[in-house]
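Reading the structure
So the chains spell out like this:
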Amino acid sequence: MAKVFIYPATSLILSDLVSRHGHTPLSSAVAIRERIQTAGLESPPLQITPEEPKKGLKWAAVEVPSGVRGRMALYGPMIGECEAAIIINDADLAFGCMGCARTNELIKFLLRQKDIPKLDLNYPKNEEEGVRFVAAIKRFLDELGGKR
Amino acid sequence: MTEYKPVLVGTVTKYVVVESFEITPSDLAIRGYEVSNGAMIKETCFGLVVTGKPDEVDRIVTELRKVDPDHIFIKDRGFPPGDPRRCRANLGGARPGYHGMEFEMTVIPYISHGLEELKKRDAATVPAPADPLVHESLDITSLKKLIDAQES
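A short note on the interface of chain A and chain B
Contacts between the two partners involve 47 residues from chain A and, on the opposite side, 46 residues from chain B. Summed over both partners, the interface of chain A with chain B comes to about 4200 Å²; 64% of that surface belongs to carbon and sulfur atoms. Asp76 of chain B serves as the salt-bridge partner of Arg33 of chain A, at 2.7 Å between the closest nitrogen and oxygen. At the boundary of chain A with chain B, the tally comes to 20 residue pairs in polar contact (both at pLDDT 80 or more). Classifying every residue of the side of chain A that touches chain B gives 20 nonpolar, 13 polar and 14 charged. Bridge analysis of strand S3 (residues 40-41) of chain A against strand S1 (residues 3-4) of chain B gives two bridges, and the strand direction is antiparallel. Within S1 of chain B, the residue paired with Leu41 of chain A across the bridge is Glu3 of chain B.

Re the pattern of salt bridges
If the charged atoms of two oppositely charged side chains come close together, the side chains can form a pair. Across all of its chains, the model carries 22 salt bridges over all chains by this definition. Note that Lys138 of chain A is salt-bridged to Asp142 of chain A, the shortest N-O span being 3.0 Å. Taken together, the residues Lys138 of chain A and Asp142 of chain A, both in helix H6 (residues 127-144) and four residues apart, mark about one turn of the helix. A salt bridge links Glu56 of chain B to Arg59 of chain B; its shortest N-O distance comes to 3.1 Å. In this pair, Glu56 of chain B and Arg59 of chain B both sit in helix H2 (residues 54-65), three residues apart, roughly one turn of the helix. Taken together, the shared-partner salt bridges connect Arg31, Glu34, Glu63 and Lys66 of chain B into one network.

A short note on the layout of surface pockets
In this model, the largest pocket occupies a volume close to 1200 Å³. Around the largest pocket sit 44 residues that line it, and Thr10, Ser28 and Tyr75 of chain A together with Arg86 and Gly97 of chain B are the ones nearest its centre. Elements supplying a minimum of two residues to the lining of the largest pocket: helix H1 (12-20), helix H2 (28-36), helix H4 (66-81) and helix H5 (98-113) of chain A together with strand S5 (72-77) and helix H4 (98-120) of chain B. Considered class by class, the residues forming the lining of the largest pocket number 21 nonpolar, 15 polar and eight charged.

Some details on the nonpolar core
Residues Phe5, Ile86, Leu111, Phe133 and Ile137 of chain A together with Ile111 of chain B are the most contacted members of the largest nonpolar core, which totals 62 residues. With eight residues, the single largest contributor to this core is H6 of chain A. Among all residues touching Ile86 of chain A, those that are not within four sequence positions of it are Val4, Phe5, Ile6, Tyr7, Leu14, Val18, Leu119, Leu121, Ile137, Phe140 and Leu141 of chain A. Counting 17 residues, the second-largest nonpolar core is a separate cluster that includes Val12, Val16, Leu28 and Leu64 of chain B.

Section: the pairing of strand S5 (residues 118-121) of chain A
All names here are of chain A. Sheet topology places strand S4 (residues 84-88) next to S5; four bridges connect them, and they run parallel. Directly across from Ala85, in S5, lies its bridge partner Lys118. With respect to chirality, the unit in which S4 leads through H5 into the neighbouring parallel S5 is right-handed.

Thoughts on the packing of H1 of chain A against H6 of chain A
Helix-helix packing is described using two parameters, namely the angle between the two axes and the distance between the axes. Residues and elements named next belong to chain A. It is at 10 Å that the axes of H1 and H6 come closest, and there the two elements cross at 45°. By the angle class used here, H1 and H6 are oblique. Taken as a pair, H1 and H6 cross one another with a handedness that is right-handed. Contacts between H1 and H6 involve Ile13, Leu14, Leu17 and Val18 from the former and Phe133, Ile137 and Leu141 from the latter. Class assignment for the residues of the contact of H1 with H6 results in seven nonpolar, no polar and no charged.

About the cut-offs
Residues numbered from 1 in each chain as written. Chains lettered and ligands numbered in written order. Predicted model: local features only at pLDDT ≥ 70, side-chain atom pairs only at ≥ 80, totals over all residues. Heavy atoms only, no water. Contact = heavy atoms within 4.5 Å. Buried area = accessible area lost by both parts, 1.4 Å probe. Salt bridge = Lys/Arg side-chain N within 4 Å of Asp/Glu carboxyl O. Polar contact = N/O pair within 3.5 Å; in protein donor to acceptor, adjacent residues only side chain to side chain. Nonpolar A, V, L, I, M, F, W, Y, C, P; charged D, E, K, R; others polar. Pairing = 2+ DSSP bridges. Helix = DSSP H or I, 4+ residues; strand = E, 2+ residues; numbered from the N terminus. 1 Å grid on protein atoms, 1.4 Å probe; cavity = no way out; pocket = protein on both sides within 12 Å on 5 of 7 lines; lining within 4 Å. Points joined across faces, edges and corners; volume = space filled by probe spheres on them. Core = buried A, V, L, I, M, F, W, Y, C linked by side-chain atoms within 4.5 Å. Buried < 20%, exposed > 50% of the residue type's maximum accessible area, 1.4 Å probe, protein only. Right-handed = clockwise from strand over helix to strand, strands pointing away. Axes fitted to C-alpha atoms, helices over the stretch in contact; angles between N-to-C directions. Parallel < 35°, antiparallel > 145°, perpendicular 65-115°, else oblique. Left-handed = near helix turned anticlockwise from the far one by under 90°.

Encoded structure:
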């Protein structure tokens, strides 16, 4: 069972297809759940504390805005432990503020830099593309091996 | 700074999203109640939210997926259902994360079709999708036609 980082990290489709084929999707829910179930000081809504931008220094330099470093504190550890990645390149739902936009670029850069199997796709726009999309993900995940 | 006391520690929350002509969220909720053993199940407009111990939730969602495997999609959620930091009743308007799911619901019919087709076809025989990292540049003939059309 391989750990597969999915981009966008909140994607329902990718999360389901990865778990359906017996692997573990690394999504943002995993990181958020860990934070909101840990006792500490109140910091709604996501329990992101001033410590997170400091942790984010591992992936982004100090002159990078704290929004990017704080977000990288969530995604960086998952990128570190992932064994494969599926990236959707035209994900309109990943649109957000400059913090999210820059973090998304950094995530994609770190994934492409890492020596792991990667699959790049676009969202399907018709039924035939849907078949190719699902088949490509199935072939990719089957080649990772270690499935349940 | 106030102390933060987390609730439902050690639990896992999963969305069970159904996009089907035959199965409604209420059908899924009834099936969920039949197989659950004390897990929290909340019915929503798009399906269910299931919260409980990790093993129990995995068992329930695995059973729910069998109801209509090609039209039921499952993903993790960080927050438990009704959490005031995310619930639309507390915040007003669509809850954060709704818009992403709303977008993907427009793509899910194609994914369901793909899952159904792959039961009849071998995935190895399906051609690969277009590589999104390859950008074809405009060829010189088309560029010349555009220039000529603009000038005339």
